[in-house]
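# An overview of the molecular structure
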Amino acid sequence: MTDKYTEYIENIQTIIDKIKTDGKENAEKAAELLKEALMNDRNVFLFGTGHSHMLAEELFYRAGGLVRIQPILRPVLMLHESASESTIAERKDGFAEELFEEYRIRQGDVIIIISNSGRNGVVVDMALLCKEKQVSVIALTNLNHTFAGESRHKSGKRLCEIADVVLDNFGCVGDATLQLEGVEGKICPTSTVCGALILNAVVASAVEKCVKNGYVPEHFASSNIDGGDEINEKLVEKYKKEIKHL
C-alpha cells in the first residue's frame with residue numbers, strides 16, 4: 001500500500017506529465033505573448049488573490065528571474081493581514097480599476113492572472129478591464145474546478161472565458177488531492193507547486209524565443225554568488241521608478 005508521502009508526489013508527477021504534454025500548446029502561446037512584450041520593452045504583470053498571490057511573487061526579483069516582472073500586491077487581497085478578510089475582499093467589485101491605475105498597466109503589456117477557481121469578482125474584473133485596454137491576458141487556472149461552479153461575477157463570466165491564453169494547472173475540483181481513511185474531505189493542494197512549474201517553464205520558453213530573435217532579456221543574478229549584488233544593484237537602479245516593488 002502506497003504511503004501518503006509517496007502518493008502525493010505521484011499525484012504531482014501525474015499532473016506534471018499532463019502539463020508537459022496537454023499543456024504545451026497553450027504554454028507556447030503564452031510564451032509568445034511574453035516574448036513580444038519583452039522585445040518591445042513592455043512589462044509582464046502577475047496578479048492573484050489569496051494563495052494565488054504567492055505565484056504572483058514567484059517570478060519576481062529572484063535568481064535567474066526576468067527583470068520586467070511586476071507583481072500586483074495589495075495586502076487586503078493577500079493572506080498576511082487577514083486570511084478570512086482576503087476571501088471576502090476577492091469577491092468584491094471595485095479593486096481592478098484602482099490597481100490598474102496604481103500599477104500603470106499599459107497597452108502592449110501582458111498580465112498573468114492566477115486563480116484556481118477563476119470565478120471571483122476581482123480577477124474577472126481585472127481580466128475584463130485589461131482586455132478593454134488592449135493588455136494581453138493569460139489565465140493560470142484549474143479548468144476542472146472552474147467549470148464545477150458558477151461565476152461569482154456579475155457578468156456571469158469566468159476568467160478562462162476572457163483570457164487570450166489559458167494555462168490549466170490540471171488540478172482536481174477543490175485543489176486538495178489526498179483522501180485518508182478517517183479524515184473528512186481531502187488534504188494537500190496541488191495548485192501552487194504546479195503553478196510555479198508552469199510559470200517558470202513559460203518564462204524559459206519566452207526567453208528562448210527572445211534569444212532566437214536576437215534579444216537577450218535582462219534577468220537578475222543570485223545575490224549569494226560573487227558579483228551578484230553588483231549586477232542586481234544596476235538593474236534595480238535602472239528600473240526602480242518603473243517597477244513598483246523594486
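Here is a short report on the structure shown in this document.

Rules used throughout
Residues numbered from 1 in each chain as written. Predicted model: local features only at pLDDT ≥ 70, side-chain atom pairs only at ≥ 80, totals over all residues. Heavy atoms only, no water. Buried < 20%, exposed > 50% of the residue type's maximum accessible area, 1.4 Å probe, protein only. Helix = DSSP H or I, 4+ residues; strand = E, 2+ residues; numbered from the N terminus. Pairing = 2+ DSSP bridges. Core = buried A, V, L, I, M, F, W, Y, C linked by side-chain atoms within 4.5 Å. Contact = heavy atoms within 4.5 Å. Right-handed = clockwise from strand over helix to strand, strands pointing away. Expected span 1.5 Å × (residues − 1). Phe/Tyr/Trp six-rings, centres within 6.5 Å; stacked < 30°, edge-to-face > 60°. Lys NZ or Arg CZ within 6 Å of the ring centre and 35° of its normal.

## Comments concerning the pairing of strand E5 (residues 165–168)
Of the two faces of E5, the one holding Val165 and Leu167 and the one holding Val166 and Asp168 are both buried throughout. Here four bridges tie strand E4 (residues 136–141) to E5, and the two strands are oriented parallel to one another. Note that in E5 the partner of threonine 141 across the bridge is aspartate 168.

## Focus on the nonpolar core
Ranked by internal contacts, the top residues of the largest apolar core, which has 39 residues, are Leu34, Leu46, Ile112, Ile138, Leu140, Leu167 and Val202. Residues in contact with leucine 46, not counting those within four places in the same chain, are Leu55, Ala56, Leu59, Ile69, Gln70, Pro71, Ile72, Ile112, Ile114 and Leu199. Leu73, Leu99, Cys160 and Ile162 belong to the second largest nonpolar core, which has 27 residues in total.

## Describing the pairing of strand E3 (residues 110–114)
With five of its five residues buried, E3 lies for the most part within the structure. Both faces of E3 are covered, namely the face carrying Val110, Ile112 and Ile114 and the face carrying Ile111 and Ile113. Alignment of strand E1 (residues 44–48) against E3, held across five bridges, turns out to be parallel. By the bridge assignment, glycine 48 is partnered in E3 with isoleucine 114. Relative to E4, E3 runs parallel, the two sharing five bridges. Each bridged residue has a counterpart across the sheet, and for isoleucine 113 the counterpart in E4 is alanine 139. You can see the chain leave E3, run along helix H6 (residues 121–132) and come back into E4, and the turn it takes is right-handed.

## Some words on H6
Side chains that are three or four residues apart share a direction in an α-helix, a result of its 3.6 residues per turn. Compared with an ideal rise of 1.5 Å per residue, which puts twelve residues at 16 Å, H6 spans 16 Å between its outermost C-alpha atoms and is within 8% of the ideal. Counting buried positions along H6 gives nine out of twelve residues, so the element sits mostly inside the fold. What H6 keeps buried is the set Gly121, Val122, Val123, Val124, Asp125, Met126, Ala127, Leu129 and Cys130. Structurally, H6 contributes buried residues whose contacts are with E1, strand E2 (69–72), helix H5 (95–102), E3 and E4. Remark: glutamine 134 follows H6 within two positions and exhibits a positive phi of approximately 60°.

## Thoughts on the packing of aromatic side chains
By convention here, two paired aromatic rings are described through the distance between centres and the angle between planes. On inspection of all chains with the given rule, the structure shows two aromatic pairs. Relative to tyrosine 61, the ring of phenylalanine 60 has its centre 6.2 Å away and its plane inclined at 45°; by these criteria the two rings are tilted. On the basis of relative accessibility, which here comes to 44%, the residue tyrosine 61 falls in the partly exposed class. Measuring from centroid to centroid gives 4.9 Å for tyrosine 61 and phenylalanine 220, while their planes differ by 80°, and the two rings are edge-to-face. Taken together, the residues span a long stretch of sequence, with tyrosine 61 in the loop between helix H3 (53–58) and E2 and phenylalanine 220 in the loop between helix H8 (191–212) and helix H9 (228–239) at a distance of 159 residues. Members of the aromatic cluster, each reached through a chain of ring pairs, are Phe60, Tyr61 and Phe220. In this structure, lysine 244 is placed above the aromatic ring of tyrosine 103, and the distance from its NZ or CZ to the ring centre is 5.5 Å.

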